[in-house]
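Listed here are the chains, written in short residue letters.
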Amino acid sequence: MEDRAKELGADITVRFNTNDTPKTWRGDCFELIDSGINVLIMIPRDLRQVDDIVDYAKKKNVKVVSYSRAILNPQTDLFIGYDTYKIGQNLGKHLSERVYKGNFIVLKGDKGDFNTHFLYNGANKYIEPMVGTGVNVILNDYVPGWSADTAKEMVKKAVIANDMKLDAVLCPNDGLAGGAAAAVQELGLKNHVIIVGMDAELAAVKRLVAGTQDATVYMDLKNMASAAVDQAVALAKGEKVTANSEITNDKGEKIQVYLITGEMVTKENIDKVLIESGYYTKEQIYGTN
C-alpha cells in the first residue's frame, strides 16, 4: 500500500495494532479520523465493533474502505477483498474430485466473520450433494476465533468418536489446516487424509511438499493492496469507485465490493505459482529456512 501510494503521490499513514500494545485498533481508527484524513482503510479486528467507527467517520466526512474483512454497515463506501464464495467453490470442487467417499470434516472458521459464511456456502455447493452417496460428514462446525489449537482438538474429538476414520478435511484457512494436519499426526492415522486450506502460508506450502496438506489458495496480496489505494485515492477525489460486485447485509442493504479470486496451489504447481511470481524463494519452500 505504501509503495502504491507513493506512485500516486498520495500521503498514507499505516497503523499496526497488536495485542501487546496499549492502544486498541478502535483507538487508532478514531484518532486517524480526527487527524483529518480523507479515507480510512480498515481491517477490522472485531466486526461486531465497527458501526460507531463508520458512523463517526461519516460525521467527519471521511470515506471508509473495509479491507479483507467485510464491514456490513451500509455507510461503508467499498469492500476490497477475496471472492470467498468462488474460493469456497474451488476448495469444495477440489476436495470432491480427490475424495469420493468416507468421513469428511468441514471447519467453518469464526461465526462472526462474514467471510466465513461466503466461503462455506461456496464449498457446500460441492460437499452437500456428496452426503448420502458414500460421504459422511462427521463434523461441520465453526471454529471460534479461527484458533488452530481449537480446530485440532475438534478434529481429534470427531475422529475418535467415529472409529478413528477420517478421509478429508475442508478448512477455510491454512491455520486451521495446520491444526487439522497436527490432529491427524497426533492420532497416528495411517491412511492419507486430504486437507485443503487457503492463504498459501509458508508452513502450508511446506505441508504440500511433505504431503500432509493437499491444496491451498494463493491470493495476490500486492494486487489487492494496490487496488485498495487506487480506490481510496478515487474516493478522496470525489470520484466513483470501481466495483465488480455487491453484497447484501441482513437488512437487505447493498454494499459495493471489489473482489479478487485466488489461484489453487498444489504440490505440482508450487514453482509456477509461488516461486516464479516471487512470492516465495525456492530456498524458503524447499530449503531449511
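Remember, it's a predicted structure, so these values are computed and weren't measured experimentally.

Asker: What should I look at first to understand the packing of aromatic side chains in this one?
Answerer: Here a ring pair, both rings aromatic, is described through the centre-centre distance and the interplanar angle of the planes. In this structure the tally under the stated criterion is three aromatic pairs. Ring geometry for Phe-30 and Tyr-56: centres 5.5 Å apart, planes at 65°, overall edge-to-face. Of the two residues, Phe-30 sits in helix H2 (residues 25-34) while Tyr-56 sits in helix H3 (residues 51-59), which places them 26 residues apart along the sequence. Relative to Tyr-280, the ring of Tyr-279 has its centre 4.7 Å away and its plane inclined at 70°; by these criteria the two rings are edge-to-face. Here Tyr-279 falls in the partly exposed class, since its relative accessible area comes to 28%. With relative accessibility at 12%, the residue Tyr-280 sits in the buried group. Following the ring pairs from residue to residue traces out a cluster consisting of Tyr-218, Tyr-279 and Tyr-280. Seen from the ring of Tyr-142, Lys-108 lies directly overhead, with NZ or CZ sitting 4.2 Å from the centre.

Asker: Would you mind showing me how to read the pairing of strand E10 (residues 254-260) here?
Answerer: Residues in a regular strand point their side chains to alternate faces of the sheet. Judged from the four bridges that link them, strand E3 (residues 78-82) and E10 form a sheet pairing that is parallel. Each bridged residue has a counterpart across the sheet, and for Tyr-82 the counterpart in E10 is Ile-260. As judged from the four bridges shared by strand E9 (residues 245-248) and E10, these two strands associate in the antiparallel manner. The residue bridging Glu-246 from the neighbouring strand is Gln-256, located in E10. Hairpin geometry of E9 and E10 is characterised by an intervening segment of five residues between the two adjacent antiparallel strands and by a positive phi of about 85° at Gly-252.

Asker: I would appreciate a short explanation of the pattern of salt bridges in the present structure.
Answerer: When the charged atoms of two side chains lie near each other, side chains of opposite charge can form a pair. Taken as a whole and assessed by the stated rule, the structure comprises twelve salt bridges. What you see here is one network of salt bridges that share partners, running through Arg-4, Glu-7 and Asp-230.

Asker: Would you mind going over the nonpolar core with me for this structure?
Answerer: Buried together is how nonpolar side chains tend to be arranged in soluble globular proteins. Within the largest apolar cluster, 34 residues are counted, with the highest numbers of intra-cluster contacts made by Leu-91, Leu-95 and Phe-104. Those elements that place two or more of their residues in this core are strand E2 (63-67), E3, helix H4 (84-98), strand E4 (102-107), helix H5 (114-127), strand E6 (168-170), strand E7 (194-196) and helix H9 (221-236). Ignoring any residue separated from it by four or fewer positions in sequence, one finds Phe-104 in contact with Leu-95, Val-99, Ile-127, Met-130, Val-135, Asn-136, Val-137, Ile-138, Leu-139 and Ala-168. Of all hydrophobic cores here, the second largest spans 23 residues; its members include Ile-105, Val-159, Ala-181 and Val-184.

Rules of the game
Residues numbered from 1 in each chain as written. Predicted model: local features only at pLDDT ≥ 70, side-chain atom pairs only at ≥ 80, totals over all residues. Heavy atoms only, no water. Phe/Tyr/Trp six-rings, centres within 6.5 Å; stacked < 30°, edge-to-face > 60°. Helix = DSSP H or I, 4+ residues; strand = E, 2+ residues; numbered from the N terminus. Buried < 20%, exposed > 50% of the residue type's maximum accessible area, 1.4 Å probe, protein only. Lys NZ or Arg CZ within 6 Å of the ring centre and 35° of its normal. Pairing = 2+ DSSP bridges. Salt bridge = Lys/Arg side-chain N within 4 Å of Asp/Glu carboxyl O. Core = buried A, V, L, I, M, F, W, Y, C linked by side-chain atoms within 4.5 Å. Contact = heavy atoms within 4.5 Å.

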